[in-house]
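Working through the structure, step by step
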Amino acid sequence: MTYWSVNFIFLGIAALVLLVAVLVRRPRGLFWGSLVASFVLLGVLTAIFDNLMIAAGIMTYTEHNISGVQIGLAPLEDFAYPFAGVLLLPALWLLLGGARGARGARTSEAEERGVRAE
């Protein structure tokens, strides 16, 4: 089994959860731009730190399990993990009530003080 075989499973699950979250919650505003910016930032950090860890000998890869495409010393497969995180974590935030839960907490605090929330 190659790393891409494993990655496709996790990326597929993350993409499916994001699809469900987007269909259920209909995100607005900067949601998609934030996803892209997050992936770019995590991609840069992954490139830097994976290359450092591989150069230091902390991580090694067998040649028959990777595609051979690399960014520096890091195989392209390593970038699937931050991509899955960028898809899955915001999707879970949406599904679990993220921003809506914060507004609800403010409303209940105002109601406790006897202030009418509008």
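It should be emphasised that the depicted structure is a prediction, and the values quoted were computed from it without experimental measurement. (Residues numbered from 1 in each chain as written. Predicted model: local features only at pLDDT ≥ 70, side-chain atom pairs only at ≥ 80, totals over all residues. Heavy atoms only, no water.)

Description of the packing of aromatic side chains
Given two aromatic rings, their pairing is described by the distance between the two centres and the angle made by the two planes. Quick note on the threshold: Two rings from Phe, Tyr or Trp (for Trp, the six-membered ring) form a pair when their centres are within 6.5 Å of each other. A pair whose planes differ by under 30 degrees is stacked, one over 60 is edge-to-face, and the rest are tilted. In this description a helix means any DSSP run of H or I spanning at least four residues, a strand means any run of E spanning at least two, and both kinds are numbered starting from the N terminus. Categorising residues by exposure relies on relative accessible area from a 1.4 Å probe, with only protein chains included: less than 20% of the type maximum marks a residue as buried, more than 50% marks it as exposed, and the intermediate range marks it as partly exposed.
Under the definition given, this model contains 4 aromatic pairs. Note on Y3 and Y61: the rings are 5.7 Å apart at their centroids and 85° apart in plane angle, and the pair reads as edge-to-face. Linking Y3 in helix α1 (residues 3–25) with Y61 in the loop between α2 (31–55) and β1 (70–71), this pair joins segments that are 58 residues apart in sequence. For Y3, a relative accessible area of 26% puts it in the partly exposed group.

Remarks on the confidence of the model for the protein chain
Residues shown with low pLDDT carry predicted positions that ought not to be read at fine detail. Using the following cut-off: On a scale of 0 to 100, pLDDT captures the predictor's confidence in every residue. Any two residues having at least one pair of non-hydrogen atoms within 4.5 Å are treated as being in contact.
With 83% of its residues at a pLDDT of 70 or more, the protein chain shows a mean pLDDT of 83. When mean pLDDT is compared element by element in the protein chain, α2 scores highest at 93, while helix α4 (residues 98–112) scores lowest at 51. Counted against residues more than four places away or in other chains, residues 101–107, with its pLDDT under 50, gives 1 contact.

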